[in-house]
Amino acid sequence: MNRSFSGAILAGGQSRRMGFNKAFLELEGSTVIARAVHVMTAVFSSPAIIANDTTLYGHLGLPVYPDIIKDAGSLGGIYTALYHSKDYAFVVACDMPWLDPGCIRRVLDNVDGEDCVIPFISGRLHPMHAAWSKGCMNEIEAMINQGNLRINDLLKRLNIKRLTEEYFGGLPIERSVENVNTRQ
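Quantities reported herein were computed from a predicted structural model and do not represent experimental measurements.

The next point concerns the overall build of the protein. Scanning the protein from N- to C-terminus turns up seven helices and 10 strands. Against the 2.2 N^0.38 benchmark of 16 Å for 184 residues, the protein shows a C-alpha radius of gyration of 15 Å, consistent with a compact globule. Taking all 184 residues of the protein together, 51% fall into the buried category. Of the contacts formed within the protein by residues at least 6 apart in sequence, a portion of 70% connects residues at least 24 apart. Surface accessibility of the protein: about 8900 Å² in total, with carbon and sulfur atoms responsible for 45%. Across the protein, the 18 positively charged side chains and the 19 negatively charged ones have centroids separated by 2 Å.

What follows is the structure, encoded as structure tokens:
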């Protein structure tokens, strides 16, 4: 089956632990979000940024979409990414400085009709480095309406495929799924 994949960078977080918008943290001469934009545009023809402050990210050259359902955290961001996608949205967070195009492509290569294809690395699921089916939208909306914004609870309700380290042989998946939460 021929599937259409979109890419989305979620940039709506509060950055409470960091104390400032971590999307603009400088790292090796570039901001963390600019690095994410660079990688995502290498993989997807027209990735988007999901952020409520659309003017803050306009200079990055990608479409910026505000949350369709306000105040719903990452679940709302995933929902918005899916709304703007055809079949699947590959979703990352704006604070992932070491995203690897090969790791992203490996996730996409493993999509075979599941609701979510998600790395399971170092004993944890990484929903901000995963391919989500547009078919998840109803379940996401139901959870948001119930006031449950926990992605792990959503994953329990879905048909997911977990990709362990073995799926990424030779690729830097441990680095690709990392995010930054402190200045260090």
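Having seen the model, we can carry on.
Between two packed helices, the angle of one axis relative to the other and the distance separating the axes together describe the packing. Orientation of helix H3 (residues 73-83) relative to helix H5 (residues 137-145), taken along the N-to-C sense of each, is 150°, at an axis distance of 10 Å. Comparing the axis directions of H3 and H5 gives the class roughly antiparallel. Crossing hand, H3 versus H5: left-handed. The residues of H5 that touch H3, namely those facing Leu-75, Gly-76, Ile-78, Tyr-79, Leu-82 and Tyr-83, are Met-137, Ile-140, Glu-141, Met-143 and Ile-144. A per-class count over the contact of H3 with H5 returns nine nonpolar, one polar and one charged.

Attention now moves to the nonpolar core. Grouped together as the largest cluster of nonpolar side chains are 62 residues, with contacts concentrated most on Ile-9, Ile-33, Ile-49 and Trp-132. Dropping the residues within four chain positions of it, Ile-49 is found in contact with Ile-9, Ala-11, Ile-33, Val-37, Tyr-57, Leu-60, Leu-62, Pro-63, Val-64 and Tyr-65.

Another point: the packing of aromatic side chains. What the rule picks out here adds up to two aromatic pairs. Ring geometry for Phe-5 and Tyr-88: centres 5.7 Å apart, planes at 45°, overall tilted. Of the two residues, Phe-5 is situated in strand S1 (residues 5-10) and Tyr-88 in strand S6 (residues 88-93); the sequence distance between them amounts to 83 residues. Here Phe-5 falls in the partly exposed class, since its relative accessible area comes to 28%. By relative accessible area, Tyr-88 is classed as buried at 4%. Ring plane angle 25° and centroid distance 6.2 Å describe the contact between Phe-44 and Phe-90, whose orientation is recorded as stacked. Note that Phe-44 is positioned in the loop between helix H1 (32-43) and strand S4 (48-50) and Phe-90 in strand S6, a separation of 46 residues in sequence. Across the pair, exposure class does not vary: Phe-44 and Phe-90 are buried alike. Over the aromatic face of Phe-120 sits the side chain of Arg-162, whose NZ or CZ is 4.8 Å from the ring centroid. Above the plane of the ring of Trp-98 lies Arg-175, whose end atom (NZ or CZ) is 4.1 Å from the centre.

A separate point is unusual backbone geometry. Positive phi is not limited to glycine here, since Asp-71 has a value of about 60°. Examined against the element boundaries, Asp-71 turns out to sit in the loop between strand S5 (64-65) and H3. Here the phi dihedral of Ser-122 falls at roughly 55°; this positive angle occurs in a residue that is not glycine.

Among all positions in helix H4 (residues 101-109), only Cys-103, Ile-104, Val-107 and Leu-108 are buried. One side of H4 carries all its buried residues, which in axial view fall inside an arc of 140°.

Definitions and cut-offs
Residues numbered from 1 in each chain as written. Predicted model: local features only at pLDDT ≥ 70, side-chain atom pairs only at ≥ 80, totals over all residues. Heavy atoms only, no water. Helix = DSSP H or I, 4+ residues; strand = E, 2+ residues; numbered from the N terminus. Rg over C-alpha atoms; globule rule 2.2 N^0.38 Å. Buried < 20%, exposed > 50% of the residue type's maximum accessible area, 1.4 Å probe, protein only. Contact = heavy atoms within 4.5 Å. Areas by Shrake-Rupley, 256 points an atom, 1.4 Å probe, with all protein chains shown as cover. Lys, Arg positive; Asp, Glu negative; His and termini not counted. Charge placed at Lys NZ, Arg CZ, Asp CG, Glu CD. Axes fitted to C-alpha atoms, helices over the stretch in contact; angles between N-to-C directions. Parallel < 35°, antiparallel > 145°, perpendicular 65-115°, else oblique. Left-handed = near helix turned anticlockwise from the far one by under 90°. Nonpolar A, V, L, I, M, F, W, Y, C, P; charged D, E, K, R; others polar. Core = buried A, V, L, I, M, F, W, Y, C linked by side-chain atoms within 4.5 Å. Phe/Tyr/Trp six-rings, centres within 6.5 Å; stacked < 30°, edge-to-face > 60°. Lys NZ or Arg CZ within 6 Å of the ring centre and 35° of its normal. Arc of directions from axis to C-beta.

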